[in-house]
Amino acid sequence: VGHCHPDVVKAAHEQNQLLNTNSRYLHDNLVDYAERLSRTLPEKLCIFYFLNSGSEANDLALRLARQYTKHEDVLVLDHAYHGHLTSLIDISPYKFRNLGGQKEWVHVAPVPDTYRGLYREDHEDSATAYANEVKNIIEQAHMRGRKIAAFFVESLPSVGGQIIPPAGYFQKVAEHVHKAGGVFIADEIQVGFGRVGKHFWAFQLQGDDFIPDIVTMGKPIGNGHPIACVATTKEIAEAFAATGVEYFNTFGGNPVSCAIGLAVLDVIEKEHLQAHATEVGNFLMKLLKEQKIKHPIIGDVRYQCLIYIFICFLVSSVS
């Protein structure tokens, strides 16, 4: 919502003057913030865990999936990056290929890239073709006695090249993953919170009939303040709680962080930032596509790249 947005700064300052505690102490801000977030998500995603970073959120999502399914293995897309913790480097091909290599419980599927991937725009049904690649990997894993806990994916793969999956891909993949006893985890850390313009969450680009089992969020959630969240279903949360080992995060969901999170949502609504993202994004796409016609060296234009163009511009302007 912009560098040092006055509404966000004010919310942090006012709550800091009143109270900040660790999350063993109850505070209305936590409940209010969870309620506000729930309005943006499908109804079944109604349980929220608050944390300090996107990496913490993805690590918890992995734990939730494994406890719920009683399986270990994880499916990810090639070139994916999900965080800097050891557990997440293990499921990030972007990282592990330069470090310890691929673990036996990690399975890498091709990126559903219709521009330069296995199945391109001229394919009769690229969504099904890419989903079948996932199905084949699951079957191969089963033949080796492995069991799938989760398909872990950014709703718009970013490090992999700002890829926009073909419509219906997530639905078809989720069908295969659920049949294998796994869950679908949508990583919205870099692409959520209205950044795609048309929808509040990037996974919604796949259609109203698609709902992930777990959604992780971070980065824009606090406009620079360290706060993150995992949203999931009652069934998954209850299976996690059944271990008797509670999830505890000292600062996750503290009153100041939640006050900031609420302020960010207020600003997004008050300043119509989602509509603004659509309007400005469409304008830039139009201009860039005109450049594509002029210059054959430009192969493809993807709207998610525009976020990073803006970020680089802002950083260079500030510095």
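Reading guide: rules and limits
- Residues numbered from 1 in each chain as written.
- Predicted model: local features only at pLDDT ≥ 70, side-chain atom pairs only at ≥ 80, totals over all residues.
- Heavy atoms only, no water.
- UniProt positions renumbered as here; feature names shortened; annotations may be inferred.
- Domains from an automatic or database assignment.
- Contact = heavy atoms within 4.5 Å.
- Buried area = accessible area lost by both parts, 1.4 Å probe.
- Helix = DSSP H or I, 4+ residues; strand = E, 2+ residues; numbered from the N terminus.
- Buried < 20%, exposed > 50% of the residue type's maximum accessible area, 1.4 Å probe, protein only.
- Expected span 1.5 Å × (residues − 1).
- Axes fitted to C-alpha atoms, helices over the stretch in contact; angles between N-to-C directions.
- Parallel < 35°, antiparallel > 145°, perpendicular 65-115°, else oblique.
- Left-handed = near helix turned anticlockwise from the far one by under 90°.
- Nonpolar A, V, L, I, M, F, W, Y, C, P; charged D, E, K, R; others polar.
- Pairing = 2+ DSSP bridges.
- Phe/Tyr/Trp six-rings, centres within 6.5 Å; stacked < 30°, edge-to-face > 60°.

- In the nomenclature of an unreviewed UniProt entry, the protein is known as AT2L2 lyase of Cochlearius cochlearius.
- As stated in UniProt under Sequence similarities (unreviewed entry), the record for the protein gives "Belongs to the class-III pyridoxal-phosphate-dependent aminotransferase family."
- Listed in UniProt under the heading Cofactor (unreviewed entry), the comment for the protein reads: "pyridoxal 5'-phosphate".

### Thoughts on the domain arrangement of the protein
Now for step 1: For the protein, the domain assignment lists domain 1 (6-271) and domain 2 (274-313).
Now for step 2: For domain 1 versus domain 2, the distance between C-alpha centres works out to 25 Å.
Now for step 3: Listed by partner, the interface residues are 20 residues for domain 1 and 11 residues for domain 2.
Now for step 4: The contact between domain 1 and domain 2 buries some 1400 Å² in all, and 54% of this surface belongs to carbon and sulfur atoms.
Now for step 5: Per-residue buried area on domain 1 facing domain 2 is highest for Tyr115, Gln162 and Arg195; these three make up 38% of the total on that side.

### What to know about the environment of Ala61
Now for step 1: Along the chain, Ala61 falls in helix H3 (residues 54-69).
Now for step 2: With a relative accessible area of 0%, Ala61 lands in the buried category.
Now for step 3: Separated by 139 residues in sequence, Ala61 and Phe200 have C-alpha atoms that sit 20 Å apart.
Now for step 4: Each residue touching Ala61, except ones within four places of it in the same chain, is listed here: Phe152, Ile185, Ile214 and Thr216.

### Looking at helix H9 (residues 255-270)
Now for step 1: The first and last C-alpha atoms of H9 sit 22 Å apart over 16 residues, in line with the 22 Å expected at 1.5 Å per residue.
Now for step 2: Counting buried positions along H9 yields 13 of 16 residues, so the element is predominantly enclosed.
Now for step 3: A positive backbone phi angle near 50° is found at His272, which sits one or two residues after H9.

### Focus: the packing of helix H6 (residues 126-143) against helix H7 (residues 169-179)
Now for step 1: Two elements in contact, H6 and H7, have axes whose closest approach is 8 Å; the angle formed by their N-to-C orientations is 20°. With respect to H7, the axis of H6 lies roughly parallel. The two elements H6 and H7 meet at a crossing, and its hand is right-handed. Across from Ala127, Thr128, Tyr130, Ala131, Asn132, Val134, Lys135 and Ile138 in H6, the residues of H7 making contact are Tyr169, Lys172, Val173, His176 and Val177.
Now for step 2: Looking at side-chain class alone, the contact of H6 with H7 contains eight nonpolar, three polar and two charged residues.

### Comments concerning the sheet that holds strand E3 (residues 106-109)
Now for step 1: Strand order in the open sheet made by the seven strands is E1-E7-E6-E5-E4-E2-E3, with mixed pairing throughout. Edge positions in the open sheet fall to strand E1 (47-51) and E3, since each of these has one partner strand only. Averaged over neighbouring strand pairs, the angle between their axes works out to 20° when direction is ignored.
Now for step 2: Bridging between strand E2 (residues 73-77) and strand E4 (residues 148-154) involves four bridges; their strand directions are parallel.

### Some remarks on the packing of H3 against helix H8 (residues 234-241)
Now for step 1: Remark: H3 packs on H8, axes separated minimally by 8 Å, with the N-to-C direction vectors making an angle of 85°. What the angle tells us is that H3 and H8 run roughly perpendicular. Contact with H3, carried on its side by Leu60, Arg63, Leu64, Gln67 and Tyr68, involves Glu235, Ile236, Ala239 and Phe240 of H8 and no other residues of that element.
Now for step 2: Grouping the amino acids of the contact of H3 with H8 by side-chain chemistry returns six nonpolar, one polar and two charged.

### Focus on the packing of aromatic side chains
Now for step 1: One pass over the structure, following the stated rule, counts 14 aromatic pairs.
Now for step 2: With a centroid separation of 5.3 Å and an interplanar angle of 55°, the aromatic rings of Phe151 and Phe184 are classed as tilted. A residue pair is termed long-range when its members are at least 10 positions apart, and Phe151 in strand E4 and Phe184 in strand E5 (residues 183-187) qualify at 33 residues.
Now for step 3: Using a relative accessible area of 0% as the deciding quantity, one classes Phe184 as buried.
Now for step 4: Ring geometry for Tyr169 and Phe170: centres 5.8 Å apart, planes at 45°, overall tilted.
Now for step 5: A relative accessible area of 0% means that Tyr169 is categorised as buried.
Now for step 6: Looking at Phe170, the relative accessible area reads 1%, which means it is buried.

### Considering the pairing of E2
Now for step 1: Burial within E2 is extensive, with five of its five residues counted as buried.
Now for step 2: Residues Asp73, Leu75 and Leu77 line one face of E2 and the alternating positions Val74 and Val76 line the opposite face, and both faces are buried.
Now for step 3: The pairing of E2 with E3 spans four bridges and is parallel. Looking across to E3, one finds that Val76 is bridged to Val108.

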